[in-house]
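Examining the three-dimensional arrangement
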Amino acid sequence: MTGSLLYLSREDLGSLGVSMGEVVDAVDAGCAAKGRGEVVMPPKLSLHGEGDAYSQVMAATLAGGGLGAKWVTLFPRNAARGLPITNGLVVLGDGETGLPSAVLDAATITAWRTGASVGVAARYLARRDVTTAGVLGCGVQARASVRALAAVLPGLREVRCHDAVPAVAASFAAELGADLPHLSLVVVPTPDAVVADAGVVVTAITMTRDVRPPLGAGLLAPGALAVALDYDAAWTAAAMAECDRLFCDDVAAALATRAAGARLAGLPDPIAGDLGDLAAGLVRGRERADERLFCLNLGMALEDVVTGELALRRARELGVGTELPL
């Protein structure tokens, strides 16, 4: 339809049958494009509100046509209201004309691409023989992360999980255990138990100002990979510093965040590279079986754009969504 855009709701996106493996591959390809210098991605614009609430505006364009922006909000108090903590919209445009092409639910796209970023990190930094993973914080991002790890680590058999709210951890284990029957989902009593002997550890706890990192030095096993989706909320500076090498999803963003002072004040130097460098083959991933590696994934607009484009293509193929006039 000329002069229109496609609106894809949360329900629409859930009906598309997009696999996490597909999202991991799309994000991996986007990271490789970034490593080759084919992505323009300005720093995030962050707006802070009351009660640890904040909003962000993120935008990126990729050579070959990818163009988009995301407005996303994170309001921790929504949990008590029975509302989603993360909300927002992704807007995609035509790379040749600039005309808007789609508006998508940002909560779903954010969950997919955040989980996929964990999969990309594990693809380059985890040992190939990982059988056990640990997850601290059992929200939406953690669910997507487990699905991504299952897609890239064929030997994964057990996931240990913990959440500050026991009922949340129990629901997490029940849901993923049903969806991924080859995995054993085990609820453990402490954050330390999540890390013990795990080959990959994903942290995704709520980032409130008063949170004290529950994971310190001496916990991550030799040969393990830690992927933090929660900035420095879960891991102490000493825990990050004891790792053999530290990576992130975007070096510029990590350094800018540290310079701003609110987060990552203890981020150690040097940063060995980012997901773009790894995907483009500019830096080496895991070099030894006993390396302790750390990857800090803050979230990138390019991930939203490539994931949104993947969803848009599938929706066009299936005839899903609502056409809106411009």
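The present account deals with the structure reproduced in this document. (Residues numbered from 1 in each chain as written. Predicted model: local features only at pLDDT ≥ 70, side-chain atom pairs only at ≥ 80, totals over all residues. Heavy atoms only, no water.)

1. Overview of the overall build of the protein chain
The condition that has to hold: Strands here mean DSSP runs of E at least two residues long; helices mean DSSP runs of H or I at least four residues long; both are numbered from the N terminus. What the globule rule says is 2.2 Å times the number of residues to the power 0.38, and the radius of gyration is computed from C-alpha atoms. With a 1.4 Å probe rolled over the protein chains alone, any residue whose accessible area is under 20% of its type maximum counts as buried; one over 50% counts as exposed, and the rest are partly exposed. Areas reported as accessible are Shrake-Rupley estimates using a 1.4 Å probe. Residue values count occlusion only from the protein chains shown.
Looking only at helices and strands, one finds 11 helices and 16 strands in the protein chain. Relative to the 2.2 N^0.38 estimate, which gives 20 Å for 326 residues, the radius of gyration of the protein chain is 19 Å and therefore close to what a compact globule would have. Across the 326 residues that make up the protein chain, the buried fraction comes to 53%. Summed over its atoms, the accessible surface of the protein chain is roughly 13,700 Å², and 56% of this surface lies on carbon and sulfur atoms.

2. Notes on a nonpolar patch on the surface
The criterion, for reference: Put simply, a patch holds well-exposed residues, over 30% relative accessible area, that have no salt bridge, with like charges counted together within 9 Å and Val, Leu, Ile, Met, Phe, Trp or Tyr side chains within 5 Å. Counted as salt bridges are all cases of a side-chain nitrogen of Lys or Arg within 4 Å of a carboxyl oxygen of Asp or Glu.
The grouping of Tyr7, Leu45, Leu47, Val57, Trp71, Leu89 and Leu324 at the surface amounts to a nonpolar patch, some 600 Å² of accessible area in total. As for its position among the elements, Val57 is in strand β4 (residues 54-62).

3. Regarding the pattern of salt bridges
Enumeration according to the criterion identifies 23 salt bridges in this entry. One salt bridge in this structure joins Asp250 and Lys34, with 3.0 Å as the shortest N-O distance. Of this pair, Asp250 sits in the loop between β13 (245-248) and α9 (251-260) while Lys34 is found in helix α2 (residues 20-35), placing the two residues 216 residues apart along the sequence. Across this residue pair, the class does not change: Asp250 and Lys34 are buried.

4. With respect to the environment of Ala301
Applied cut-off: Any two residues having at least one pair of non-hydrogen atoms within 4.5 Å are treated as being in contact.
Mapping Ala301 onto the fold places it in helix α11 (residues 301-318). In this structure the C-alpha to C-alpha distance between Ala301 and Ala59, which are 242 residues apart in sequence, comes to 5.3 Å. Discounting chain neighbours no more than four positions away, the residues touching Ala301 are Met41, Met58, Ala59 and Ala60.

5. Points about α2
Rules: Take the number of residues in a helix, subtract one, and multiply by 1.5 Å to get its expected span.
Taking 1.5 Å per residue as the helical rise, α2 with its 16 residues ought to reach 22 Å, and the 22 Å between its terminal C-alpha atoms agrees with that figure. Within α2, 12 of the 16 residues are buried, leaving the element largely enclosed by the surrounding structure. Of the positions making up α2, those classed as buried are Met20, Val23, Val24, Ala26, Val27, Asp28, Gly30, Cys31, Ala32, Ala33, Lys34 and Gly35. Looking one or two residues past α2, Gly37 carries a phi angle of roughly 80 degrees, positive in sign.

6. Structural notes on the environment of Leu183
Tracing the backbone shows Leu183 in the loop between α6 (166-179) and β10 (184-187). A relative accessible area of 6% places Leu183 in the buried class. Measuring from C-alpha to C-alpha, the distance between Leu183 and Leu156 comes to 7.2 Å, with 27 residues separating the pair along the chain. The contact partners of Leu183, leaving out residues within four places of it in the chain, are Val146, Ala150, Leu156, Arg157, Glu158 and Val159.

7. Side note on the side chain of Asp12
Note the cut-off: When charges are counted, Lys and Arg contribute as positive and Asp and Glu as negative, whereas His and the chain ends are disregarded. Between N or O atoms, a polar contact is any pair within 3.5 Å; within protein, one atom must be a potential hydrogen donor and the other a potential acceptor, and residues adjacent in sequence are included only when both atoms are from side chains.
Tracing the chain through its elements places Asp12 in helix α1 (residues 10-14). The side chain of Asp12 is buried and forms no salt bridge, while Arg10, the nearest opposite charge, is found at 11 Å. Polar contacts involving the side chain of Asp12 include one to the main-chain amide nitrogen of Ser9, which spans 3.0 Å. Asp12 has contacts with Tyr7, Val320 and Gly321, leaving out every residue within four places of it along the chain.

8. Focus: unusual backbone geometry
Geometrically, the link from Asp269 to Pro270 is a cis peptide bond, its omega value of -10 degrees lying close to zero. With respect to the helices and strands, the residue Pro270 is situated in the loop between α9 and β14 (273-274). Phi is positive for Tyr231, which is not a glycine, with a value near 55 degrees. Looking at where Tyr231 falls in the secondary structure, it is placed in the loop between β12 (225-228) and α8 (237-241). The class of Tyr231 is buried, set by a relative accessible area of 10%.

9. Quick look at the pairing of strand β11 (residues 200-203)
Where we set the bar: A pair of strands counts as paired when DSSP detects no fewer than two bridges linking them.
Here β11 shows two buried faces, one formed by Val200 and Val202 and the other by Val201 and Thr203. Note: strand β8 (residues 132-136) against β11, 4 bridges, orientation parallel. Looking at the pairing, Leu136 lines up with Thr203 of β11.

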